[in-house]
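# Fold and contact review
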Amino acid sequence: MVMNSNSLNVIFDDERWNKKFSDVEDFANKVFAETLRFLSKNDLGFDGWNNKPVSISLSLSNNAEVQKLNREFRGKDKPTNVLSFANIDDEFFEDEFLSADVIELGDIIMAVETLEDEAGIKSILIENHFAHLLIHGILHLFGYDHIEDDEADEMEGIEIDI
């Protein structure tokens, strides 16, 4: 895998992100790189993904935007901490995967207020919770899920290992 060709495109939809921790973009890139390194090293994800560079878009947003997307795409009219929109769910992904120079895995969006509230409730650093949620979102883009108990156990195990 050519690690320096991978890209995490960070989009700031809410200025409060930089107030929570000033190096959030650098930190996100480190979490992204480590997650890809771990998945590649352990031959996880879908077949052939580590032969090409990977790209993900990360929107650092707020509860209002996340609630809107959660309502529209999941039928849940409430904010949540992280949403992932995986391109692997697209019926044309395999064709695009084979022909593209870069694998566009999808989009992740996070809500700053929910992230901060959950970190406070759990008495953990916001950076630690952010890292966990970003890893969680990336795993969703690679096709991992937690609907069934065995899937949840597998996904949680990978998150902990990363």
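Residues numbered from 1 in each chain as written. Predicted model: local features only at pLDDT ≥ 70, side-chain atom pairs only at ≥ 80, totals over all residues. Heavy atoms only, no water.

### Structural notes on the sheet that holds strand S3 (residues 82–86)
Remark on secondary structure: sheet strands pair via backbone hydrogen bonds, oriented parallel or antiparallel. Operational definition: At least two bridges found by DSSP between two strands are what make those strands a pair. In this text, helices come from DSSP runs of H or I with a minimum length of four residues, and strands from runs of E with a minimum of two, each type numbered from the N-terminal end. Here an axis means a line fitted to C-alpha atoms, over the contact stretch when the element is a helix, while the angle between two N-to-C directions is reported on a 0 to 180 degree scale.
Within the open sheet, the four strands sit side by side as S1-S2-S4-S3. Their pairing is mixed. A single partner strand is all that each edge strand has here, and the edge strands are strand S1 (7–12) and S3. Between one strand and the next, the sheet's axes are offset by a mean angle of 15°, whatever the strand orientation. Where strand S2 (residues 54–61) meets strand S4 (residues 103–111), eight bridges bridge the pair, whose relative direction is parallel. Across the sheet, residue leucine 58 finds its bridge partner in S4, namely isoleucine 108.

### Description of the packing of aromatic side chains
Filter applied, for reference: Two aromatic rings, drawn from Phe, Tyr or Trp (for Trp, its six-membered ring), form a pair once their centres lie within 6.5 Å of each other, and the interplanar angle then sorts them: stacked below 30 degrees, edge-to-face above 60, tilted otherwise. Categorising residues by exposure relies on relative accessible area from a 1.4 Å probe, with only protein chains included: less than 20% of the type maximum marks a residue as buried, more than 50% marks it as exposed, and the intermediate range marks it as partly exposed.
Inspection of every chain in the model, using the stated rule, returns seven aromatic pairs. Summarising the aromatic geometry, the rings of tryptophan 49 and phenylalanine 142 are spaced 4.8 Å apart at their centres and angled 75° between planes, so their arrangement reads as edge-to-face. Taken as a pair, tryptophan 49 in the loop between helix H2 (24–41) and S2 and phenylalanine 142 in the loop between helix H6 (126–141) and helix H7 (149–161) lie far apart in primary sequence, 93 residues in all. A single burial state applies to tryptophan 49 and to phenylalanine 142, both of which are buried. Members of the aromatic cluster, connected to one another through ring pairs, are Trp17, Phe21, Phe27 and Phe130.

### Quick notes on the pattern of salt bridges
To be explicit about the condition: By definition here, a salt bridge exists when the distance from a side-chain nitrogen of Lys or Arg to a carboxyl oxygen of Asp or Glu is within 4 Å.
Going through the model one piece at a time under the given rule, you end up with five salt bridges. Residues aspartate 14 and arginine 16 are paired through a salt bridge, measuring 2.7 Å at the closest nitrogen-oxygen approach. According to the relative accessible area criterion, arginine 16 is partly exposed, its value standing at 33%. A salt bridge links aspartate 77 to arginine 71; the nearest nitrogen and oxygen atoms lie 2.6 Å apart. Residue arginine 71 is classed as partly exposed on the basis of its relative accessible area, which comes to 41%.

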